[in-house]
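# A look at the structure
Read off the chains here:
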Amino acid sequence: MPATFDLVVVGAGIVGLAVALAAVRKGKKVLVIERNAKAVGASIRNFGFITISGQKAGDHWARARRARDVWAEVVGEAGIAVIHTGSLLPAYRPEAEAVMEAFLATPMGADCQRLTPAEALTHVPSLRAKNMRAALWSPHELRVESREAIPKLAAWLEQRHGVRFQWNTAVTAVDGTRIDTSRGPVEAGACVVCPGDDFSTLFPERIAAYGLRICTLQMLRVMPATPTRFGAAVMSDLSYGRYEGFADLPEAQPLIARLDAELAEMRGLGIHLIAVQSADGSLVVGDSHVYGDAPEPFARERIDTLIMEAFDQIFDLPGRQVIGRWCGSYASAADRVVMVDQPADNVRLVMVTGGTGASTGFALGEQVVDSLYA
Ligand SMILES: Cc1cc2nc3c(=O)[nH]c(=O)nc-3n(C[C@H](O)[C@H](O)[C@H](O)COP(=O)(O)OP(=O)(O)OC[C@H]3O[C@@H](n4cnc5c(N)ncnc54)[C@H](O)[C@@H]3O)c2cc1C
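Description of the structure in this document. (Residues numbered from 1 in each chain as written. Predicted model: local features only at pLDDT ≥ 70, side-chain atom pairs only at ≥ 80, totals over all residues. Heavy atoms only, no water.)

### Section: the overall build of the protein chain
- In terms of regular secondary structure, the protein chain is built from 13 helices and 18 strands.
- In summary, the protein chain has a C-alpha radius of gyration of 21 Å against a globular reference of 21 Å for 374 residues, a match within 12%.
- Once the C-alpha set of the protein chain is aligned to its principal axes, its extents read approximately 65 × 40 × 40 Å.
- For the protein chain, the residues scored as buried account for 57% of the 374 residues in total.
- For the protein chain, contacts bridging at least 24 residues in sequence account for 76% of all contacts bridging at least 6. (Helix = DSSP H or I, 4+ residues; strand = E, 2+ residues; numbered from the N terminus. Rg over C-alpha atoms; globule rule 2.2 N^0.38 Å. Buried < 20%, exposed > 50% of the residue type's maximum accessible area, 1.4 Å probe, protein only. Contact = heavy atoms within 4.5 Å.)

The following block contains the structure:
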């Protein structure tokens, strides 16, 4: 390893890789240091759903648009398959339909469309048409298989852009231009720490000031009994009541009140439905949001049951089988969707605190690198 780099990035999740990409695009010599032998955190456990419609209005929605464009630029070169595009949000309750209409009237809805139930079924034939009032079609989204995409992205950064990776190495301290690791010190002009939900190793006192919590999510892989095509990612009424781009609209209040009354247990566990498809025809289905001071190690069967209840309410897939289950976790803040802290002029501490790093990380990486090399 050369002794000095322009930039050391701590963490090889999507945020760290995004920072590395933005820096090499500025001609910087970059080293990424990751404590594990490969990325194993939130970035490979998620839906790989690069979401725009539903992101918080304003800067974050703009970040998602930019990040989606970066994904579109890199997937071909990095050999990452886009499995489907767009998202579909059927509205079954009149209150959800009202949120959909309100969203379509905002600038965020400009390229989106209201579909009839029959039109929605041309994208995702297994949706239940009964009681569906309409569906929101958003053309922006991409879906990648994160557990394959993230390693491919790292390999492409290494081979195509000369980013160096130091795996199985923990960074233990960052002090100016000196970065201490479990394999010895490294010198760098700058350092960006992208630690995911590790609050205790680097800059713990600065992280503590943000009052972050850890959000644990449960996820399932479901195999339909007979092959079925998902031509888009699918969400549900619950998502209109949870994703800020919808739920922050004043028109969402009646829906939220109805969901809280009808589906109190699901709402209490932060359950909303997302279903996306993989290349083998299986579906990634989730999720729940349970907040605490550490990742929850043990999945709760009741949560999985409720997620599958929400799934069966909108999909007609008799005989579907759950073939995989896992948990994931991320840093969460009540008052911000991203956190960028500046421990020193040449050091940044970066977290996505709203559970949207796959959707926004590439844009955040550019913003952080721009701030370092302004
Ligand atoms: C189940 C689940 C589903 C999700 N679905 C979506 C989705 O569909 N779309 C979306 O946009 N977002 C989604 N998210 C959120 C998204 O996955 C996260 O926002 C994003 O992955 C965070 O990326 P990260 O790089 O900050 O963290 P991570 O992926 O956790 O990576 C951080 C890395 O830093 C390393 N590290 C930490 N400290 C050190 C140290 N001191 N030294 C060396 N290495 C260190 C860790 O080992 C880890 O590999 C989901 C999250 C989960 C958990």
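Here the narrative resumes.
### A word on helix α4 (residues 94-104)
- Listed in full, the buried residues belonging to α4 are Ala96, Glu97, Val99, Met100, Ala102, Phe103 and Leu104.
- Next to the buried residues of α4 lie β4 (84-91), β5 (113-115), β6 (134-143), α8 (237-240), α9 (244-247) and α10 (253-262).

### What about the side chain of Thr216?
- Of note, Thr216 is situated in strand β11 (residues 213-223).
- A distance of 2.9 Å separates the side chain of Thr216 from the backbone nitrogen of Glu296, its partner in a polar contact.
- What Thr216 contacts, discounting residues up to four positions off in sequence, is Ser288, His289, Val290, Ala294, Pro295, Glu296, Cys327, Gly328 and Ser329. (Polar contact = N/O pair within 3.5 Å; in protein donor to acceptor, adjacent residues only side chain to side chain.)

### Focus: empty space enclosed by the protein
- According to the stated counting rule, one finds one cavity of 30 Å³ or more in the structure shown.
- Of the volumes computed, that of the largest cavity is approximately 30 Å³.
- Across the lining of the largest cavity, the residue classes break down as five nonpolar, three polar and no charged. (1 Å grid on protein atoms, 1.4 Å probe; cavity = no way out; pocket = protein on both sides within 12 Å on 5 of 7 lines; lining within 4 Å. Points joined across faces, edges and corners; volume = space filled by probe spheres on them. Nonpolar A, V, L, I, M, F, W, Y, C, P; charged D, E, K, R; others polar.)

### Comments concerning the site of the ligand
- Near the ligand there are 37 residues, and of these Glu34, Ser43, Phe49, Gly357 and Ser359 occur at the shortest range.
- Contact distances for the ligand include 2.9 Å between an oxygen atom and a side-chain N or O atom of Asn46.
- At a separation of 3.2 Å, a nitrogen atom of the ligand approaches a polar backbone atom of Gly355.
- Considered on its own, the ligand offers 1,000 Å² of accessible surface; in the complex 96% of this is hidden by protein. (Near = heavy atom within 4 Å. Areas by Shrake-Rupley, 256 points an atom, 1.4 Å probe, with all protein chains shown as cover.)

### A short note on the nonpolar core
- Membership of the largest hydrophobic core comes to 65 residues, with the highest contact counts inside it found for Leu88, Leu127, Leu136, Tyr240, Val285, Phe311 and Phe315.
- The greatest single-element share of this core, amounting to seven residues, is contributed by helix α12 (residues 301-314).
- Once you skip the residues sitting within four places of it in the chain, Tyr240 turns out to touch Leu89, Pro90, Ala91, Ala96, Val99, Met100, Leu136, Phe246, Ala247, Ala252 and Leu255.
- Listed in part, the 46 residues of the second largest apolar core include Ile14, Val19, Trp156 and Val192. (Core = buried A, V, L, I, M, F, W, Y, C linked by side-chain atoms within 4.5 Å.)

### A few points about the environment of Leu136
- For Leu136, the location among the structural elements is in strand β6.
- Leu136 sits in the buried class, given a relative accessible area of 0%.
- Distance in space between the C-alpha atoms of Leu136 and Leu104 is 8.4 Å, their sequence separation being 32 residues.
- If near-sequence neighbours (up to four positions away) are discounted, Leu136 is found in contact with Ser87, Leu88, Leu89, Met100, Phe103, Leu104, Cys112, Gln113, Tyr240 and Phe246.

### Quick look at the layout of surface pockets
- The volume enclosed by the second largest pocket comes to roughly 220 Å³.
- Surrounding the second largest pocket, Tyr92, Arg93, Arg128, Lys130, Asn131, Ser236, Asp237, Leu238, Leu263, Ala310, Gln313 and Ile314 form its lining.
- Among the elements of the structure, α8 and α12 are those that each provide at least two residues to the lining of the second largest pocket.
- Top contributing element to the lining of the second largest pocket by residue count: α12, with three residues.
- Split into classes, the residues belonging to the lining of the second largest pocket amount to five nonpolar, three polar and four charged.

### Brief notes about the packing of helix α3 (residues 59-78) against helix α13 (residues 357-372)
- In the contact formed by α3 and α13, the axes pass within 7 Å of each other and the chain directions differ by 95°. Between α3 and α13, the interaxial angle falls into the category roughly perpendicular. Packed against α3, whose contacting residues are His60, Arg63, Ala64, Arg66, Ala67, Val70, Trp71 and Val74, the element α13 presents Ala358, Ser359, Thr360, Gly361, Phe362, Ala363, Leu364, Glu366 and Gln367 at the interface.
- A class-by-class count of the residues in the contact of α3 with α13 yields nine nonpolar, five polar and three charged. (Axes fitted to C-alpha atoms, helices over the stretch in contact; angles between N-to-C directions. Parallel < 35°, antiparallel > 145°, perpendicular 65-115°, else oblique.)

### Focus on the pairing of β6
- Within β6, nine of the ten residues are buried, which leaves the element mostly enclosed by the surrounding structure.
- Relative to β6, β5 is paired through three bridges, and the arrangement is antiparallel. When the sheet's bridge partners are listed, Arg114 is paired in β6 with Leu136. (Pairing = 2+ DSSP bridges.)

### A closer look at unusual backbone geometry
- A cis amide bond, omega -5°, links Gly286 with the succeeding residue Asp287.
- In this structure, Asp287 sits in the loop between β14 (283-286) and β15 (290-292).
- At Asn131, a position not held by glycine, the phi torsion is positive, near 70°.
- Inspection of the secondary structure puts Asn131 in the loop between α5 (117-123) and β6.

### Notes on the pairing of strand β10 (residues 184-193)
- In this structure, strand β1 (residues 4-10) lies alongside β10, joined through six bridges in parallel fashion. By the bridge assignment, Leu7 is partnered in β10 with Ala190.
- One ladder, built from four bridges, connects strand β9 (residues 178-181) with β10; its direction is antiparallel. For Ile179, the partnering residue across the bridge sits in β10 and is Val186.

### Digging into the pattern of salt bridges
- Following the criterion strictly, the structure yields 27 salt bridges and no others.
- When the shortest N-O distance is used, the salt bridge between Glu366 and Arg66 registers 2.8 Å. With Glu366 in helix α13 and Arg66 in helix α3, this residue pair connects regions lying 300 residues apart in the sequence.
- A single network of salt bridges, built from pairs that share partners, joins Arg93, Glu95, Asp237, Arg258 and Glu262. (Salt bridge = Lys/Arg side-chain N within 4 Å of Asp/Glu carboxyl O.)

Nothing here speaks to function; it is geometry throughout.
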